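Here is what each chain is made of, one letter per residue.
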Amino acid sequence: MAPGTAGTTDTGVPVRVAVVDDDALVRAGLRLILGGDPRLEVVGEAGDGAEAAALVARHRPDVVLMDIRMPRTDGLTATRELTARADGPRVIVLTTFDTDEMVLTALRHGAAGFLLKDTPPARLVEAVHRVAAGQPILSPSVTAQLIAAVTHEDDTRKRAARARLDRLTEREREVALAVARGLSNAEIAAELYLGVATVKTHIGRLFTKLDASNRVQIALCVHDAGLA
């Protein structure tokens with residue numbers, strides 16, 4: 001699904017969710033948690049990344065909860081393949097935390113969020129709704145690890161990120177920095193004395209100029225440039 005087109009609860013239509021995990025008990029638990037919210041509909045589940053592609057093609061979910069370590073096709077590969085589709089779903093990687101590089105890889109493959117499996121149920125449900133509405137979501141601990149990891153990225157990546165940010169106008173750069181801080185459109189508008197519609201226009205331009213598919217990737221570019 002293209003950025004900004006995911007279904008939201010405002011339409012009255014439940015957000016369609018698919019669960020991909022090789023542990024049947026985990027899948028059952030997630031189905032139970034998500035099924036408790038009438039605004040969510042679990043449309044299917046898969047045991048590995050290879051099955052995920054067929055699942056998405058058949059049920060067209062808005063959001064996919066994706067484990068990383070699975071047989072045959074792992075979650076990182078599956079995330080890259082699903083988000084590369086023009087009408088692909090948004091993906092939340094839901095896993096035990098392993099390495100900084102794994103988080104970075106998942107986000108660079110197009111994941112719209114990264115949550116730990118011990119995320120409280122209410123927080124998980126909220127995350128699905130936020131991602132469906134086009135807002136990225138990261139566990140607080142993951143955010144800290146992400147920032148720490150990016151500060152140690154090599155100079156080549158930093159130079160490339162700064163070159164991308166140099167394409168921006170001064171106002172677009174201010175918006176990009178605000179996005180990297182995790183501010184919502186309304187919060188950015190208030191801070192920069194802009195209308196919310198104007199903020200949305202700037203963010204649309206950031207997607208194009210920074211070759212980003214979501215707000216997380218804008219934030220990654222800012223972090224890569226060492227400007228967070």
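Residues numbered from 1 in each chain as written. Predicted model: local features only at pLDDT ≥ 70, side-chain atom pairs only at ≥ 80, totals over all residues. Heavy atoms only, no water.

Okay, the overall build of the protein chain next. The helix and strand tally for the protein chain stands at 11 helices and six strands. Split into buried and exposed, the 228 residues of the protein chain put 46% on the buried side. Accessible area for the protein chain stands at about 10600 Å²; split by element, carbon and sulfur atoms hold 53% of it. (Helix = DSSP H or I, 4+ residues; strand = E, 2+ residues; numbered from the N terminus. Buried < 20%, exposed > 50% of the residue type's maximum accessible area, 1.4 Å probe, protein only. Areas by Shrake-Rupley, 256 points an atom, 1.4 Å probe, with all protein chains shown as cover.)

Tracing the backbone shows Arg90 in strand β4 (residues 90–95). Each C-alpha atom, one on Arg90 and one on Gly134, is 8.4 Å from the other, the two residues being 44 residues apart in sequence. At 3.4 Å, the side chain of Arg90 forms a polar contact with the backbone oxygen of Ala132. (Polar contact = N/O pair within 3.5 Å; in protein donor to acceptor, adjacent residues only side chain to side chain.)

Looking now at the sheet that holds strand β2 (residues 40–46). The parallel open sheet is built from six strands, whose spatial order is β2-β1-β3-β4-β5-β6. Either end of the sheet is taken by a strand with one partner, and the two such strands are β2 and β6 (137–138). Judged from the four bridges that link them, β4 and strand β5 (residues 113–116) form a sheet pairing that is parallel. If you follow Thr95 over to β5, its bridge partner there is Leu116. Together, β1 (15–20), β2, β3 (63–66) and β4 form the strand contacts of helix α1 (residues 24–35), whose direction differs from that of β2 by roughly 170 degrees. (Pairing = 2+ DSSP bridges. Contact = heavy atoms within 4.5 Å. Axes fitted to C-alpha atoms, helices over the stretch in contact; angles between N-to-C directions.)

This brings us to the environment of Thr198. Within the element layout of this structure, Thr198 appears in helix α10 (residues 196–209). For Thr198, a relative accessible area of 34% gives the class partly exposed. Once the C-alpha coordinates of Thr198 and Asn185 are considered, the two residues, 13 residues apart in sequence, prove to be 9.4 Å apart.

All right, on to the nonpolar core then. Ranked by size, the top nonpolar core spans 25 residues in total, and within it Val20, Val64, Met66, Val93, Leu107 and Phe114 carry the most contacts. Of all the elements in the fold, those that place two or more residues in this core are β1, α2 (49–59), β3, α3 (75–83), β4, α4 (100–108) and α11 (215–224). By residue number, the principal contributor to this core is α4, which donates five residues. If you look at the next biggest cluster of nonpolar residues, it comprises 22 residues, including Leu168, Ala180, Ala189 and Val199. (Core = buried A, V, L, I, M, F, W, Y, C linked by side-chain atoms within 4.5 Å.)

Here we come to the layout of surface pockets. In this model, the second largest pocket occupies a volume close to 190 Å³. Together, Arg108, Arg164, Asp211, Gln217, Leu220, Cys221 and Asp224 line the second largest pocket. Here the lining of the second largest pocket takes four residues from α11, the largest share from any one element. For the lining of the second largest pocket, the class distribution of residues is two nonpolar, one polar and four charged. (1 Å grid on protein atoms, 1.4 Å probe; cavity = no way out; pocket = protein on both sides within 12 Å on 5 of 7 lines; lining within 4 Å. Points joined across faces, edges and corners; volume = space filled by probe spheres on them. Nonpolar A, V, L, I, M, F, W, Y, C, P; charged D, E, K, R; others polar.)

Taking 1.5 Å per residue, 12 residues should reach 16 Å; helix α5 (residues 121–132) reaches 17 Å between its end C-alpha atoms and fits that length. Three or more residues of α5 are buried, namely Leu124, Val125, Ala127, Val128, His129, Val131 and Ala132. Count one or two residues on from α5 and you reach Gly134, which has phi positive near 95 degrees. (Expected span 1.5 Å × (residues − 1).)

Here the focus is the pairing of β5. Here β5 shows two buried faces, one formed by Gly113 and Leu115 and the other by Phe114 and Leu116. Note: β5 against β6, two bridges, orientation parallel. Looking across to β6, one finds that Phe114 is bridged to Leu138. This β-α-β element, β5 to α5 to β6, shows left-handed connectivity. (Right-handed = clockwise from strand over helix to strand, strands pointing away.)

The next point concerns the packing of helix α8 (residues 170–180) against α11. Close contact between α8 and α11 brings their axes to 8 Å; oriented N to C, the two are set at 105 degrees. For the element pair α8 / α11, the angle class is roughly perpendicular. Only Arg215, Ile218, Ala219, Val222 and His223 of α11 make contact with α8, whose side of the interface consists of Ala176, Leu177, Val179 and Ala180. Grouping the amino acids of the contact of α8 with α11 by side-chain chemistry returns seven nonpolar, one polar and one charged. (Parallel < 35°, antiparallel > 145°, perpendicular 65-115°, else oblique.)

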